[in-house]
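# Structural overview for review
So you can see what is in the structure, the chains are spelled out below.
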Amino acid sequence: MSQQTYKNVVGPKIRTFRIPLSWTQEALAKSLLRLGWNISRRTLVKVEARLIHVSDSDLLYFVRLFDVEPNCLLPELDPQEHLGTAV
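This section reports on the structure supplied with the text. (Residues numbered from 1 in each chain as written. Predicted model: local features only at pLDDT ≥ 70, side-chain atom pairs only at ≥ 80, totals over all residues. Heavy atoms only, no water.)

### Overview of the nonpolar core
Going by this rule: Among buried residues, those of type Ala, Val, Leu, Ile, Met, Phe, Trp, Tyr and Cys that are joined through side-chain atoms within 4.5 Å constitute a nonpolar core. When a residue's accessible area, from a 1.4 Å probe over protein chains only, is under 20% of the maximum for its type it is buried; when over 50% it is exposed; and in between it is partly exposed. Numbering goes from the N terminus for both helices and strands, where a helix is a DSSP run of H or I of at least four residues and a strand is a run of E of at least two. Any two residues whose heavy atoms approach within 4.5 Å at even a single point are treated as in contact.
Residues Ile14, Leu28, Leu32, Leu44, Phe62 and Leu73 are the most contacted members of the largest nonpolar core, which totals 16 residues. A per-element tally of this core places helix H4 (residues 56-66) first, with four residues. Dropping the residues within four chain positions of it, isoleucine 14 is found in contact with Leu28, Val47, Glu48, Phe62, Phe66 and Leu73.

Structure below.
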């Protein structure tokens, strides 16, 4: 069985910020549009599933929307764990 290759590390954290707000992916897309990023619900599905790349400039939209520090969207890393298994 081959190891899954993910395109981003922030997708799961974005979902963890979205769900407590009771936002659908559609609502999240509309909120991001109000900030100036025209992203579709379909693309957000792929972001959360880690199927597409999230650029540093795209990441800043999530930072602004959720009012968090950028590192809050990154996974927690165990210093003893091999980086390839953490991401």
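From this point, the discussion proceeds with the structure in view.
### Considerations on the environment of arginine 15
For arginine 15, the location among the structural elements is in helix H1 (residues 11-18). Between the alpha carbons of arginine 15 and glutamine 25 there is a distance of 8.9 Å; along the sequence they are 10 residues apart. Beyond its immediate sequence surroundings of up to four residues, arginine 15 is in contact with Pro20, Glu48 and Ala49.

### Some remarks on H1
Here is the rule: Here the arc refers to the directions that run from the helix axis out to each C-beta atom.
Buried within H1 are the following residues: Gly11, Ile14 and Arg18. Angular distribution of buried residues about the axis of H1 spans 60 degrees; they occupy a single face of the element.

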